[in-house]
Protein chains: 4
Amino acid sequence: MFIHEEKIRVCYADTDQMGYVYYGNYARYYEIGRVEALRSLGFSYKKLEESGVMLPVYEHASRYHQPARYDDLLTIKVLIRSLPHVRMIFNYEIRNAEGVLLNTGETTLVFIDKATDKICRAPAALVQQLVPFLT
Amino acid sequence: MFIHEEKIRVCYADTDQMGYVYYGNYARYYEIGRVEALRSLGFSYKKLEESGVMLPVYEHASRYHQPARYDDLLTIKVLIRSLPHVRMIFNYEIRNAEGVLLNTGETTLVFIDKATDKICRAPAALVQQLVPFLT
Amino acid sequence: MFIHEEKIRVCYADTDQMGYVYYGNYARYYEIGRVEALRSLGFSYKKLEESGVMLPVYEHASRYHQPARYDDLLTIKVLIRSLPHVRMIFNYEIRNAEGVLLNTGETTLVFIDKATDKICRAPAALVQQLVPFLT
Amino acid sequence: MFIHEEKIRVCYADTDQMGYVYYGNYARYYEIGRVEALRSLGFSYKKLEESGVMLPVYEHASRYHQPARYDDLLTIKVLIRSLPHVRMIFNYEIRNAEGVLLNTGETTLVFIDKATDKICRAPAALVQQLVPFLT
């Protein structure tokens, strides 16, 4: 398993009138978590796109255990449990500074060749980086 | 089954640099869909909160079949298949103007008594409105 | 002067923990207002981009007189006071259902030729549509 | 003058289909900048609200010199040029990693007493922290 942790501070823009982080804003936290997870492996999502491969989200599931609140310093734990082929699955666990589990989620992303707009294989370089963690 | 349809125009703010609606923005479309579905039943989410009951999202799942794009006039179909007790489940189907299915989703919301911060039963008035459609 | 009015319902996603619409979200209301103002003139912003001309925002100013709140049905009044040349200026007045002025704003947008990434003139077709209102 | 600098990475959620950061998203960058500027002075915006004082934005102006783009590592420079009384003015300069000036802005915030919903004076503790920098 490959694990990466990223800190994100909840800002006012993220809250709603319940005083909670709006449920749609976790998607952004997940995105920041997975992009920084890839960067920590030496892999740039930006360069992936520039090389002609997109990685849009195909499936997304979240469970909201406890609300995140304004100014909370969240830890986004990103877990990669399997090697990507044409899909790549990321799991997320979000905790506040006291370690309370607030949110869990999973996203499945699909590699798309921009030129053909068709599904394609994960870049070999990314798979190579992950092999030591996942085998 | 109770069904409500709502039209939403994709604005520039919703798009990302792929030219797609960003995956986190569907949560907002679902919210608009379910609030307007309740309003069409004569039920105001705003008044629910003012009466001391909140309805936060507990679970959320989305599948992104095809991208929604800038200026698309989307139809958000909201489906309620079961009477709410302490939870209320909404299903969503989003289509573009050509009728192509772009996105499906489900959210489970929980009734919370603001005073005690505990789970509570759905308001009788809401259940009553739904009975004719669901039995 | 050309005037267009557009209705927008404040959704939960737009609010913050003060119970107000977050100040950054008015930019979206302005965008919806100006795009629908152009559409009412028979002019599609989407087609403008497809024809190779972008219209990004160069300047933006807002004054927040009174807070907009959850579920408010806002009227976005869009005012065009001068013919566009290489720039186009839109003014905005946002009122709630009781007619109270909540927000005023102004945005200056610039016509950019995508091919050269340089400033260009407003399309003649757009100028023509506006002439009867502005002279 | 008091100056604070904060780094923010542009995420996908912030971009639009031009490949630029959407103009409404700078409000969030400004917010993060000013809250962290206050924190660096030992002053918590969260605690301010808990003590019964809100600080909503009253005026906001932005100029978009050059687009910020996906994955840019931005530096948000926050400048406080005058002591707050009932208002507090923040200026912003946003640069990319190459030092190019992308955006400048100004926000005027107003101290509001939650109990009376009226304008009030800035907390003495905040003014005290700023005095050494501004006199």
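Residues numbered from 1 in each chain as written. Chains lettered and ligands numbered in written order. Predicted model: local features only at pLDDT ≥ 70, side-chain atom pairs only at ≥ 80, totals over all residues. Heavy atoms only, no water.

Draft legend 1. Spotlight on the overall build of chain A. Helix and strand counts for chain A stand at 3 helices and 8 strands. Along chain A, from the amino end to the carboxyl end, the secondary structure elements read β-α-α-β-β-β-β-β-β-β-α. By its C-alpha atoms, chain A is 45 × 30 × 20 Å across when sized along the principal axes. For chain A, the proportion of its 135 residues judged to be buried stands at 59%. Taking the contacts inside chain A whose residues are at least 6 apart along the sequence as the reference set, 67% of them involve residues at least 24 apart. Working note: accessible area of chain A is about 5,700 Å², and carbon and sulfur atoms make up 51% of it. (Helix = DSSP H or I, 4+ residues; strand = E, 2+ residues; numbered from the N terminus. Buried < 20%, exposed > 50% of the residue type's maximum accessible area, 1.4 Å probe, protein only. Contact = heavy atoms within 4.5 Å. Areas by Shrake-Rupley, 256 points an atom, 1.4 Å probe, with all protein chains shown as cover.)

Draft legend 2. Region of interest: the sheet that holds strand β2 (residues 53-54) of chain C. Residues and elements named next belong to chain C. One open sheet holds the 3 strands; their spatial order is β2-β7-β8, and the pairing between them is antiparallel. In the strand order of this sheet, the two ends are held by β2 and β8 (118-119), each with one partner. Bridge count between strand β7 (residues 112-113) and β8: 2 bridges; the pairing is antiparallel. Looking across to β8, one finds that Asp113 is bridged to Lys118. (Pairing = 2+ DSSP bridges.)

Draft legend 3. Spotlight on the interface of chain B and chain C. Chain B puts 16 residues into the contact, and the matching count from chain C is 16 residues. Taken together, both faces of the contact between chain B and chain C bury some 1,600 Å²; the carbon and sulfur share is 42%. In this structure, the connection of chain B to chain C is made through 4 salt bridges. Measuring nitrogen to oxygen at the nearest pair gives 2.7 Å for the salt bridge that ties Asp14(C) to Arg28(B). In this assembly, chain B and chain C are joined by 10 residue pairs in polar contact (both at pLDDT 80 or more). No other element matches the 6 residues that helix α1 (residues 26-40) of chain B contributes to the side of chain B that touches chain C. (Buried area = accessible area lost by both parts, 1.4 Å probe. Salt bridge = Lys/Arg side-chain N within 4 Å of Asp/Glu carboxyl O. Polar contact = N/O pair within 3.5 Å; in protein donor to acceptor, adjacent residues only side chain to side chain.)

Draft legend 4. Representation of the pattern of salt bridges. With the rule as written, the count across this model stands at 27 salt bridges over all chains. Note that Glu36(A) is salt-bridged to Arg39(A), the shortest N-O span being 3.0 Å. Of this pair, Glu36(A) and Arg39(A) are both found in helix α1 (residues 26-40), 3 residues apart, which corresponds to roughly one turn of the helix. Judged by its relative accessible area of 15%, Glu36(A) falls in the buried class. Salt bridges here are not isolated pairs; linked through shared partners, they connect Arg9(A), Asp71(A), Glu36(D) and Arg39(D).

Draft legend 5. Local environment of the relation of the copies chain B and chain C. In the superposition of chain B on chain C (RMSD 0.0 Å, axial shift 0.0 Å), the rotation amounts to 180°. On the angle and the small slide along the axis, the relation comes out as a two-fold axis. Among all residues of chain B, the minimum C-alpha distance to the rotation axis is found for Ile8(B), at 5.4 Å. Most of the interface of chain B is mirrored in chain C, where 100% of its interface residues are also at the interface. (Least-squares fit on C-alpha atoms with pLDDT ≥ 70 in both.)

Draft legend 6. Fine view of the packing of aromatic side chains. Residues and elements named next belong to chain A. This structure, assessed with the given rule, holds 36 aromatic pairs over all chains. An angle of 65° between the planes, with centres 6.1 Å apart, marks the rings of Tyr23 and Tyr64 as edge-to-face. In this pair, Tyr23 sits in the loop between β1 (2-9) and α1 while Tyr64 sits in strand β3 (residues 57-64), placing the two residues 41 residues apart along the sequence. Residue Tyr23 shares its accessibility class with Tyr64, and that shared class is buried. (Phe/Tyr/Trp six-rings, centres within 6.5 Å; stacked < 30°, edge-to-face > 60°.)

Draft legend 7. View of the confidence of the model for chain A. Taken over all residues, the pLDDT of chain A has a mean of 97, while the share at 70 or more is 100%. Interface confidence for the predicted complex, given as ipTM, is 0.95, next to a pTM of 0.97. (pLDDT = per-residue confidence, 0-100.)

Draft legend 8. Quick peek at the relation of the copies chain B and chain A. Structural alignment of chain B on chain A gives an RMSD of 0.0 Å, achieved by rotating through 180° and translating 0.0 Å along the axis. Residue by residue, 100% of the interface of chain B is reproduced at the interface of chain A, so both copies engage with the same surface.

Draft legend 9. Up close: the pairing of strand β5 (residues 87-95) of chain A. Residue and element names in this part refer to chain A. Sheet topology note: the strand β4 (residues 73-80)/β5 ladder contains 5 bridges and is antiparallel. Residue Leu79 lies in a different strand from β5, and its bridge partner there is Asn91. Between β4 and β5, which pair antiparallel one after the other, the connecting turn spans 6 residues. In this structure, the hairpin formed by β5 and strand β6 (residues 101-110) is closed by a connection of 5 residues, where Gly99 is found at a positive phi of approximately 85°.

Draft legend 10. The arrangement of the interface of chain B and chain A in detail. Between chain B and chain A, the residue contacts involve 26 residues of the former and 26 residues of the latter. Its largest share of buried area at the contact with chain A, chain B owes to Met18(B), Tyr23(B) and His60(B), together 28% of the area lost on that side. Between chain B and chain A we count 2 salt bridges in total. Glu59(A) is paired through a salt bridge with Arg63(B); the nearest N and O atoms lie 2.2 Å apart. Here chain B and chain A share 16 residue pairs in polar contact (both at pLDDT 80 or more) between them.

Draft legend 11. Here's a closer look at unusual backbone geometry. Of note in the backbone geometry, Asp117(B) takes a positive phi value of approximately 60° without being a glycine. Mapped onto the elements, Asp117(B) comes out in the loop between β7 (112-113) and β8 (118-119).

Draft legend 12. Examining the sheet that holds strand β7 (residues 112-113) of chain A more closely. Residues and elements named next belong to chain A. If you walk across this open sheet you meet the 3 strands as β2-β7-β8, and the pairing is antiparallel. Edge strands, defined here as strands with exactly one partner in the open sheet, are β2 (53-54) and β8 (118-119). Alignment of β2 against β7, held across 2 bridges, turns out to be antiparallel. Bridging from a neighbouring strand, Met54 pairs with Ile112 of β7.

Draft legend 13. Structural detail: the side chain of Glu49(D). Assignment of secondary structure puts Glu49(D) in helix α2 (residues 45-50). Within the buried core, Glu49(D) has no salt-bridge partner, and the shortest N-O distance to an opposite charge, that of Lys114(D), equals 4.4 Å. Of note is the side chain of Glu49(D), whose polar atom sits 3.2 Å from the side chain of Gln17(C). Contact partners of Glu49(D), with chain neighbours within four places excluded, come to Tyr12(A), Gln17(C), Met18(C), Met54(D) and Lys114(D). (Lys, Arg positive; Asp, Glu negative; His and termini not counted.)

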